[in-house]
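# Notes for the structure review
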Amino acid sequence: MARAYSIYDVFTGTKLAGNPLAVVFDGEGLSDETMQAIAAELKLSETVFVIPADNPAHTARIRIFTPGRELPFAGHPTVGTAVALAERSYGGEGASLDIVSVIEEKIGPVRCAVRLREDEAAFAEFDLPKVPVRLDHPLDRQGVADALSLKSTDIGFENHVPSIWTAGVPFAVIPVHNLQAVESLDFDAELWQHVAPFAEGGLVSAYVYCRGGVNHTARFHARMFAAGMGISEDPATGSAVAALAGAIHHFDAMPDGHHPVLVEQGVEMGRPSYIHLHMDIKDGSISRARIGGQAVRIATGTLEI
């Protein structure tokens, strides 16, 4: 059976940057094993399979697979799929409109807003289905430093210390002293397996961050390593930024109000990505958060499966 698919570069408005995503539009009827095998074959950070929604008022239901395992939720697949479905339905020449949709994921329904404009990369953002929470797993500073090939004094800045947060997918959120240290680190997957705990069904991935960025508009610069998912390094990770939101709010003691944060990632890979995080703080807690970014289609085709 021929199944249509597209590949999008996500969290970028420039082709061949950002994080590539495969969206298989005709996923109905594929077994779990076949979906996993296709994701392993394509070797992108994630591959999405679109199937009819359980709720007819919703746009679609999706399954998200890395080359190594299925995820209940992920940021760049949500942004990329929202754009892909909007362009597939409405994105003809000269299309200019705003669309609100609901995409069903294993974590639950995710509300998305898509902006289509002529001669401009599409933009999508989604409400976090869960606010980030901290997991009570200790992290050894020296062990973390060894896994990153850094000095222990490079780990942490101000009052930021390594911690584990999840907004659907858990990450060890590792603050590093400065941009130079983040750029120069060398991730050792074998050492990481000895220092990182298991949480929510998998080995916790490493999300390394510092203040500032190569792009002067970025508030934070980050890199993500996920050996447990079959990903050596990821150019953009929305679910990690969702987890990072918890650390930013906790360690920076953010006041009530609206806080926009731009996170850059993928620079060291030659695939710069820009992830827009918006947090609403009320009574000292995150009441709502959104993640968004641009996405551009670079390929279409069919799977003969």
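In short, a report on the structure. Every chain's residues receive numbers from 1 upward, in the order its sequence appears when written. Where totals are concerned, whole chains, interfaces and linings use all residues; where local detail is concerned, this predicted model gives features only for residues with pLDDT of at least 70, and gives and counts side-chain atom pairs only at 80 or more. The basis for every side-chain value is the complete set of non-hydrogen atoms in the structure, without hydrogens or water.

## Re the overall build of the chain
Per the convention used, a helix needs a DSSP run of H or I reaching at least four residues, while a strand needs a run of E reaching at least two, with both numbered from the N terminus. In terms of regular secondary structure, the chain is built from six helices and 19 strands. Against the 2.2 N^0.38 benchmark of 19 Å for 305 residues, the chain shows a C-alpha radius of gyration of 18 Å, consistent with a compact globule. Dimensions of the chain, computed from C-alpha atoms along their principal axes, come out at roughly 55 × 40 × 35 Å. Only protein chains enter the calculation, and the probe is 1.4 Å; a residue is then buried if its accessible area is under 20% of its type maximum, exposed if over 50%, and partly exposed in between. Among the 305 residues that make up the chain, the fraction classed as buried is 57%. For the chain, contacts bridging at least 24 residues in sequence account for 63% of all contacts bridging at least 6. Accessible surface area values rest on a Shrake-Rupley calculation with a 1.4 Å probe, where residue burial reflects the displayed protein chains alone. A total accessible area of about 12,500 Å² is found for the chain, and carbon and sulfur atoms account for 48% of it. The chain carries 23 positive and 38 negative side-chain charges, and their two centres are separated by 3 Å. Throughout, the radius of gyration refers to the C-alpha atoms, and the reference size of a globule is 2.2 Å times the residue count to the power 0.38. Should any heavy atoms of two residues lie within 4.5 Å, those residues are counted as being in contact. Neither His nor the chain termini are counted; the positive set is Lys and Arg, and the negative set is Asp and Glu. Here the site of a charge means NZ on Lys, CZ on Arg, CG on Asp, or CD on Glu.

## Notes on the environment of Met-269
With respect to the element layout, Met-269 can be found in the loop between β17 (257-265) and β18 (273-282). Sequence separation between Met-269 and Arg-69 is 200 residues; the distance between their C-alpha atoms is 23 Å.

## Looking at the nonpolar core
A general trend in soluble globular proteins is that nonpolar side chains are found buried together. Tyr-207, Tyr-209, Val-263, Met-279 and Ile-291 are the most contacted members of the largest nonpolar core, which totals 66 residues. A per-element tally of this core places helix α6 (residues 238-252) first, with nine residues. Sequence-distant contacts of Val-263, defined by excluding residues within four places in its chain, comprise Tyr-207, Phe-220, Ala-222, Val-241, Leu-244, Ser-273, Tyr-274 and Ile-275. Side-chain atoms within 4.5 Å link the members of a nonpolar core, which is a set of buried Ala, Val, Leu, Ile, Met, Phe, Trp, Tyr and Cys residues. One finds Ala-147, Leu-148, Leu-150 and Val-195 within the second-largest nonpolar core, a separate group that totals 26 residues.

## Describing the side chain of Asp-280
Considering the arrangement of structural elements, one finds Asp-280 in strand β18. Distance and chemistry together define a polar contact, namely a pair of N or O atoms within 3.5 Å, with one atom able to donate a hydrogen and the other to accept it when in protein, and with adjacent residues in sequence counting only for side-chain atoms on both sides. Here the side chain of Asp-280 touches His-258 through a polar contact of 2.7 Å, side chain to side chain. Excluding anything up to four places from it in sequence, Asp-280 contacts Gly-257, His-258, Ser-285, Ile-286, Ser-287, Arg-288 and Arg-290.

## A word on helix α1 (residues 32-42)
Of the residues making up α1, those classed as buried are Met-35, Gln-36, Ile-38 and Ala-39. Each buried residue of α1 sits inside an arc of 160° when the element is viewed along its axis, so together they form one side. Structural note: α1 exposes Glu-33 and Glu-41 on the side pointing more than 90 degrees away from its buried face. Tucked into the core, α1 has its buried residues touching β3 (46-51), β4 (60-65), β5 (70-71) and β19 (285-304). A positive backbone phi angle near 60° is found at Lys-43, which sits one or two residues after α1. Working note: the arc is built from the helix axis to C-beta atom directions.

## So, the pairing of β4
By the criterion of burial, β4 is predominantly enclosed, with five of the six residues buried. For two strands to count as paired, DSSP must find a minimum of two bridges between them. Across five bridges, β3 lies against β4 in antiparallel orientation. The residue of β4 that forms the bridge with Val-50 is Ile-62. Pairing analysis gives two bridges linking β4 to strand β6 (residues 97-105), with the strands arranged parallel. Bridge pairing links Arg-61 to Glu-104 in β6. Relative to β5, β4 is paired through two bridges, and the arrangement is antiparallel. By the bridge assignment for β5, Phe-65 is matched with Glu-70.

## Overview of the side chain of Ser-6
Among the structural elements, Ser-6 can be located in strand β1 (residues 2-10). Other than its neighbours up to four places away in sequence, Ser-6 contacts Leu-21, Ala-22, Val-23, Phe-25, Arg-297, Ala-299 and Thr-300.

## Comments concerning the packing of aromatic side chains
Within 6.5 Å between ring centres, the rings of Phe, Tyr and Trp (the latter by its six-membered ring) count as paired, and their orientation is classed by plane angle as stacked under 30 degrees, edge-to-face over 60, tilted in between. For the structure on display, the rule yields seven aromatic pairs. Between Phe-49 and Phe-65, the ring centres sit 5.8 Å apart and the planes meet at 80°, which makes this aromatic pair edge-to-face. In this pair, Phe-49 sits in strand β3 while Phe-65 sits in strand β4, placing the two residues 16 residues apart along the sequence. Taking relative accessible area as the criterion, Phe-49 reaches 0% and is therefore assigned buried. Members of the aromatic cluster, joined through ring pairs, are Phe-157, Tyr-209 and Phe-220.

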